[in-house]
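Here is what each chain is made of, one letter per residue.
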Amino acid sequence: MSGERGETSIIGLLVAMLIFAIVLGATLVTFEGASSASRQAQERTEAADRARDALDRVSKALRNLASPRADDGAAVTTAQPYDLVFKTVAPNMPSGAGNLNATNTKRVRYCLDRADPTRAKLYEQTQTWTTTTAPPPPAAGACGATAGWTRTEVIADRITNVIGGRNRPLFTYGSDPTLSTTIHAELLVDPDPLSAAPETQLSSGVFLRNQNRAPKALFTPTVTTAGILLNGSASYDPEGETLEYTWTDNGTVVGSGITFVYSPSGPAAPRLIRLTVSDGKLTDTATQTVTG
């Protein structure tokens, strides 16, 4: 009888060990699954935080857009769905007598490196200078190419705007991108595109408060007995700025003002009349051939 009890005890012990092993294995699987889910959630949160910080940087730079001058070119020089280049005002610039960049203007580029659509990267590139006028923009190159740029940095990754061949622009603009007064930015982020979890969608719209658009020159000529009445009242400035008017005949300045009666000497003949309007920073011209 004692032998039977001993065999029963051994069998019971083995069964208990087997049950313990099963429970332990299930516990480990559950723990590993929970750890994996926690890790994925953390990666998703970190990727979304980086993208959110990147959008904040883009928005801040756009809000400080440097108003263009006639001698310095437009503020926005590249406006594409995945590439944006513009001039902005830097908060800090080199000080000293050698810095002639009194307005602290710099050029920035935000572009999406789409070489790996499942892990696209958002680059921020800056070009700074200490001269009175801005240098030309660096030559167009692949996103992240450093030639001509003072600094290059990846500010967000795991971006999936173009995953699976989809075309979801990073930047959208108005009808004329380089003169648009609003720019919308959208980032889609997914650290693990193979998982069932949805992408994180982040977006920001910025009103370009400093955007100065070029005026439009328009005029009507009327031949009278007193001369040629030139009326530029149809000209306008998108921001409502006061315009300066300059009239030329075949390149020679003959008058100024919104309206002007031009009395050329000599017999009537075809004349190349041009009106140039300026808001003090940007200009536009209109030309007509007038016989008078």
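Residues numbered from 1 in each chain as written. Predicted model: local features only at pLDDT ≥ 70, side-chain atom pairs only at ≥ 80, totals over all residues. Heavy atoms only, no water.

Chemist: I'd like a description of the sheet that holds strand S12 (residues 252-256), backed by residues and values.
Modeler: The strand order across the open sheet built from 4 strands is S12-S11-S14-S15, with neighbouring strands paired in antiparallel fashion. Every other strand in the sheet has two partners, leaving S12 and strand S15 (283-291) as the edge strands with one partner each. In this sheet, neighbouring strand axes are inclined to one another by 25° on average, regardless of whether the strands run parallel or antiparallel. Pairing geometry for strand S11 (residues 244-249) and strand S14 (residues 270-278), over 6 bridges, is antiparallel. Following the sheet pairing, Thr248 is matched in S14 by Arg274. (Pairing = 2+ DSSP bridges. Helix = DSSP H or I, 4+ residues; strand = E, 2+ residues; numbered from the N terminus. Axes fitted to C-alpha atoms, helices over the stretch in contact; angles between N-to-C directions.)

Chemist: Any details on the pattern of salt bridges? Residues and values, ideally.
Modeler: Note on pairing: side chains with opposite charge can pair once their charged atoms come close. Counted according to the given criterion, the structure contains 10 salt bridges. A salt bridge links Glu153 to Arg151, with the shortest nitrogen-to-oxygen separation between them at 2.5 Å. Look at Arg151 and you get partly exposed, because its relative accessible area is 31%. The partner of Arg271 in a salt bridge is Asp249, and the shortest N-O contact between them spans 3.3 Å. Of the two residues, Arg271 is situated in strand S14 and Asp249 in strand S11; the sequence distance between them amounts to 22 residues. Neither residue differs from the other here; Arg271 and Asp249 are each classed as buried. Within this structure, Arg57, Glu124, Arg151 and Glu153 form a network of salt bridges that share partners. (Salt bridge = Lys/Arg side-chain N within 4 Å of Asp/Glu carboxyl O. Buried < 20%, exposed > 50% of the residue type's maximum accessible area, 1.4 Å probe, protein only.)

Chemist: Kindly report on the environment of Val162, identifying the contributing residues and their values.
Modeler: Relative to the helices and strands, Val162 resides in the loop between strand S5 (151-159) and strand S6 (171-172). In this structure Val162 comes out as buried when scored by relative accessible area, which is 12%. In sequence terms Val162 and Ala120 are 42 residues apart; their C-alpha atoms lie 8.1 Å from each other. Contacts of Val162, omitting those with residues within four sequence positions, involve Tyr82, Arg114 and Pro117. (Contact = heavy atoms within 4.5 Å.)

Chemist: Explain the pairing of S14 residue by residue, including any values.
Modeler: In the sheet, S14 pairs with S15 via 9 bridges, with the strands oriented antiparallel. Opposite Leu272, over in S15, you have Thr289 as the bridge partner. From the end of S14 to the start of S15, which pair antiparallel, there are 4 residues, and Gly280 there has a positive phi angle of about 100°.

Chemist: Tell me about the packing of aromatic side chains, and name the residues and values.
Modeler: All told, the structure shown has 3 aromatic pairs when counted by the stated rule. Aromatic side chains Phe219 and Trp247 sit 5.3 Å apart centroid to centroid with 90° between the ring planes, which places their arrangement in the edge-to-face category. Of this pair, Phe219 sits in the loop between strand S8 (200-207) and strand S9 (220-224) while Trp247 sits in strand S11, placing them 28 residues apart in sequence. In this pair, the class of Phe219 matches that of Trp247, namely buried. With centroids separated by 6.2 Å and ring planes inclined at 20°, the aromatic side chains of Phe260 and Tyr262 adopt a geometry described as stacked. For the pair shown, Phe260 and Tyr262 are each scored as buried. (Phe/Tyr/Trp six-rings, centres within 6.5 Å; stacked < 30°, edge-to-face > 60°.)

Chemist: Explain the state of the cysteines residue by residue, including any values.
Modeler: The final tally for this structure, using the stated rule, is 1 disulfide. Paired by a disulfide, Cys111 and Cys143 hold their sulfur atoms 2.1 Å apart. Taking the torsion about the sulfur-sulfur bond, which here is approximately 85°, the covalent link between Cys111 and Cys143 counts as right-handed. Of the two residues, Cys111 is situated in strand S3 (residues 105-113) and Cys143 in the loop between strand S4 (120-127) and S5; the sequence distance between them amounts to 32 residues. The residues Cys111 and Cys143 share a single accessibility class, namely buried. (Disulfide = S-S within 2.5 Å.)

Chemist: Break down unusual backbone geometry for me, with residues and values.
Modeler: In this model, Asn104 sits at a positive phi of 55°, which is unusual for a non-glycine residue. Classification of Asn104 as partly exposed rests on a relative accessible area of 23%. Positive phi, close to 60°, is recorded for Arg158, a residue that is not glycine. As for its position among the elements, Arg158 is in strand S5.

Chemist: So, the nonpolar core: which residues are in play, and what are the values?
Modeler: Residues Leu62, Leu84, Phe86, Tyr110, Leu122 and Phe171 are the most contacted members of the largest nonpolar core, which totals 33 residues. Those elements that place two or more of their residues in this core are helix H1 (2-63), strand S1 (76-80), strand S2 (83-89), S3, S4, S5, strand S7 (182-189) and S8. Those residues in contact with Leu122 that sit more than four places away from it in its chain are Ala54, Tyr110, Cys111, Leu112, Glu153, Val154, Ile155, Ala156, Ile159, Leu170 and Leu187. In terms of nonpolar packing, the next biggest core, distinct from the first, is built from 14 residues, Ala217, Phe219, Ile228 and Ile273 among them. (Core = buried A, V, L, I, M, F, W, Y, C linked by side-chain atoms within 4.5 Å.)

Without other data, these values stay purely geometric and don't point to any function.
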